[in-house]
Each structure stands twice: as C-alpha cells, then as structure tokens.
Amino acid sequence: MKKIAFASGKGGAGKTTLSLSFHAFLKESSLFADCDVDAADAFLLMEKELVSKEPFYSGKRYSIDSALCVQCGSCEARCSFDAVQLIEGTYRIDPFRCEGCGSCIDVCGVNAITEENNYCGDIYYSTTKKNSEMFYACLTPGEDNSGKLVHLVRKAADARTKELDLDYLIIDAPPGIGCPLMASLTSVDLLVVVIESSKQGWADALRLLELSQKMSISAVVIINKSGLNTETDAAVRAFLNEHTIPLAGEVPFNEKVIAQLNNKELLWDSEDLQKELLPVFRNVKDVLP
Ligand code: SF4
Ligand code: SF4
C-alpha cells in the first residue's frame, strides 16, 4: 500500500479538490482520508452514505454541582487560570479557561466538583460516490488537540486500507506545518505539495517543502491556478529546478472549477478539467518511490 498526502501549507490552495480528483483517477484501488479536522469539507463533494460515527474525547471536563457546593471558595483560590467564577451567587467553571489540571477537585471538601471525559468531536466513516470509502472527522469549534484526532483518522484509514488490500491511501492534509500536519504525514510515501499561484501560496508552500526535506519525505509539486501570478509561477519553477524537486505539472486557473464545486461535483467529473488533470496525475504516480 502506498500513502500519498496532499498538502499546501495554507487553506484555499486547492489541495482538497485535487486530492479528491486524484482519488477518483485511481478508481476503486484507493481509500480517502480527510485529515483537515478543523475544516473537513471533502465529504460535501464525495460522501454517498454515512456508515458509522464515533465520538472523540480528549482531556477532561470539570463542573460544579451547585446542589452540593457550600461556596467555600477554595476551588476559586486554587485555580491558577481564573476558570472558577462566582456568577450570580453560584460557582461555575468556564470550560474555555479551564486547563484541566484537576487541582480544584483536590481542595473541594464536599466532592461538589465532577470530572468527565471531554467530548471534542466525531470521526466518520462513509462510502463515496466513486465506489470507495472515506474517513474524516470534525472537531468541535473551540477545542484543540486536533493532532490527536488526525492521528485517529489516520489510524482508522490505514487499518481499513490494509484490510481491503487496496493499493493507495490518499490523505488530504491540514493547512500549516504544526502538529496536525505532522500527524497526517506519518509514514507517507509521497507528499504532493499543491502550490497556489500567489505570493502567499508560495511562501506557505516553501515552509512545507523545507519540512518535507527535514522529515525525509519525497515531494512532488503541482502549481495550482497557474497564471494567476506569473512571477510566482516563475519563482516556483526556478526553485524546483535548483533543488531538483519534481514538478508534476500545472493546473491553470479555470472558472469551470467554481461551477463544478457549486454543483457539488469533482473537477474530475468535468471532461475538460479531466483532460488538464490527467497528465499531472500520471506524473504524480510516476514519481512514487
Ligand atoms: S481543572 Fe484546573 S484549570 Fe480547570 S477549573 Fe479546576 S483548577 Fe482550574
Ligand atoms: S471547593 Fe467545592 S464547595 Fe468550595 S466553592 Fe468550590 S465547589 Fe463549592
């Protein structure tokens, strides 16, 4: 099984639309994992039927039972994060301030503070419109630890790809170069860096290319929406040439992309766009180690 991740270092570069189309190009021999858990959107274009949903818990959530609380104020004094607040005569714990250290429990003499697993989102497993399967997850707004959630999506997707004896796992990686991205790149065979034809797109992708070198991950580049900024396109080509990083191809800016997305269809489902994507995807497949 080969694992191929699509990343761009930023949002909006087109990695999701390209990775979904690449998945369609590979036909039923691949499984899709959307690891962008803070803004999962691949399912909007690809999901056929939801098969299962698992809750994701991370850390602990604390609350005060006002019926038991005798208002001694010890927990408020103990909390270093000002998470315990007296509001309208009742002690409460603000979940956005609480760091989950648990020390308020230790000082409450009447056991009025309870601790429970913190629900942070869900992991989904679905069939797709392309006769394949996909995993994705949605993190509850305001929750952190998306790296752990990405790890769980990857774990489930890796296991299912092995179980079905598929040839490829396609990963839509999150933006940035932080913990969620690192979790999505674990043990990948190839990183497809989607560079948007813009100054910012190139600046963010450059950090990603540096990271791939540090992590010793083979990388190949697609310049997306090429022609929007010809100076950037030229700078990217020159950099790749100088550093012997393969360029799989360029996908010119095309307004048909917007029409496809508005119709909830993959770029691959448009005959014209498919013609543009086909040589690029073949090149990606050819550089697989
Ligand atoms: S768990 Fe820690 S941070 Fe949260 S309210 Fe209690 S003492 Fe404050
Ligand atoms: S320590 Fe317990 S009893 Fe005292 S204010 Fe906090 S919750 Fe209430």
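Note that the structure is a prediction, hence the values are computed from the model and not measured.

(A) Spatial organisation of the pattern of salt bridges. Under the defined criterion, the tally for this structure stands at 12 salt bridges. When the shortest N-O distance is used, the salt bridge between Lys3 and Asp158 registers 3.2 Å. Residue Lys3 is found in strand β1 (residues 2–7), and its partner Asp158 is found in helix α5 (residues 146–163); the two are separated by 155 residues along the sequence. Judged on exposure class, the residue Lys3 and its partner Asp158 are both buried. A network of salt bridges, in which partner residues are shared, links Lys3, Arg154 and Asp158.

(B) Main features of the packing of helix α1 (residues 15–25) against helix α10 (residues 271–286). Packing of α1 against α10 brings their axes to within 11 Å, and their N-to-C directions diverge by 80°. Considering the angle they form, α1 stands roughly perpendicular to α10. Every residue of α10 that contacts α1 at Leu18, Ser21, Phe22 and Phe25 is listed here: Leu277, Leu278, Phe281, Arg282, Val284 and Lys285. For the contact of α1 with α10, a count of residues per class yields 7 nonpolar, 1 polar and 2 charged.

(C) Fine view of the packing of helix α7 (residues 199–214) against helix α8 (residues 230–242). For the pair α7 and α8, interaxial distance at closest approach is 10 Å and the crossing angle is 20°. Viewed along their axes, α7 and α8 adopt a mutual orientation that is roughly parallel. Between α7 and α8 the crossing geometry is right-handed. Contact residues: α7 offers Lys199, Trp202, Leu206 and Leu209, while α8 offers Thr232, Ala235, Val236, Phe239 and Leu240. Across the contact of α7 with α8, the residue classes break down as 7 nonpolar, 1 polar and 1 charged.

(D) The arrangement of the sheet that holds strand β6 (residues 113–128) in detail. Taken in spatial order, the 9 strands make up an open sheet running β3-β6-β7-β2-β8-β1-β9-β10-β11, and their pairing is mixed. At either end of the open sheet lies a strand with only one pairing partner, and these are β3 (47–64) and β11 (247–252). On average, adjacent strands in this sheet sit at an angle of 20° to one another, irrespective of strand direction. Where β6 and strand β7 (residues 133–139) come together, 7 bridges link them in antiparallel fashion. Among the inter-strand pairings, Tyr125 is bridged to a residue of β7, identified as Phe135. Running at roughly 165° to strand β9 (residues 190–196), α7 makes contact with β1, β9 and β10 (219–226) of the sheet.

(E) Region of the structure containing the site of ligand 1. Around ligand 1, 13 residues are found, and the nearest of them are Cys79, Cys98, Cys101, Gly102 and Cys104. Residue classes in the shell around ligand 1 are distributed as 9 nonpolar, 3 polar and 1 charged.

(F) Region of interest: α8. Under the 1.5 Å per step criterion, the end-to-end length of α8 is 18 Å for 13 residues, consistent within 8% with the ideal 18 Å. Listed as buried for α8 are Thr232, Asp233, Val236, Phe239 and Leu240. An end-on view of α8 places all buried positions within 130° of arc, on one side of the element. Turned more than 90 degrees from where α8 packs its buried face, Thr230, Glu231, Asn241 and Glu242 sit exposed. The N-terminus of α8 is capped by Asn229, whose side-chain oxygen sits 3.1 Å from the backbone nitrogen of Glu231. Positive backbone phi, at 45°, marks Thr244, one or two positions downstream of α8.

The rules we used
Each chain carries its own residue numbering, running from 1 in the written order of its sequence. Each chain gets a letter, beginning with A, and each ligand a number, beginning with 1, in the order they are written. Where local features are concerned, this predicted model is filtered to residues with pLDDT of at least 70; where side-chain atom pairs are given and counted, the filter is 80 or more; whole-chain, interface and lining totals use all residues. Just so you know, side-chain values use all the structure's heavy atoms and leave hydrogens and water out. For salt bridges, the criterion is a side-chain nitrogen of Lys or Arg within 4 Å of an Asp or Glu carboxyl oxygen. Each helix is a run of DSSP H or I of at least 4 residues and each strand a run of E of at least 2, with the numbering of both proceeding from the N terminus. Accessible area is worked out with a 1.4 Å probe on protein chains only. A residue is then buried under 20% of its type maximum, exposed over 50%, and partly exposed in between. Note on geometry: axes are lines fitted to C-alpha atoms, helical ones only across the stretch in contact, with angles between N-to-C directions running from 0 to 180 degrees. An angle below 35 degrees is read as roughly parallel, one above 145 as roughly antiparallel, one from 65 to 115 as roughly perpendicular, and any other as oblique. Here, two residues are considered to be in contact whenever any of their heavy atoms come within 4.5 Å of each other. Put simply, Ala, Val, Leu, Ile, Met, Phe, Trp, Tyr, Cys and Pro go in the nonpolar bin, Asp, Glu, Lys and Arg in the charged bin, and everything else, Gly too, in the polar bin. Take the far helix as the reference: if the near one is turned anticlockwise from it by less than a right angle, the crossing is left-handed, and if turned clockwise, right-handed. DSSP calls a pair of strands paired once it identifies at least 2 bridges connecting them. Think of it this way: one heavy atom of a residue within 4 Å of a molecule or strand is enough to make that residue near it. The span one expects for a helix is its residue count, reduced by one, times 1.5 Å. The directions from the helix axis to the C-beta atoms are what the arc is built from. Here a polar contact is taken to be a pair of N or O atoms separated by no more than 3.5 Å, where protein atoms must pair a possible hydrogen donor with a possible acceptor and residues adjacent in sequence count only if both atoms sit in side chains.

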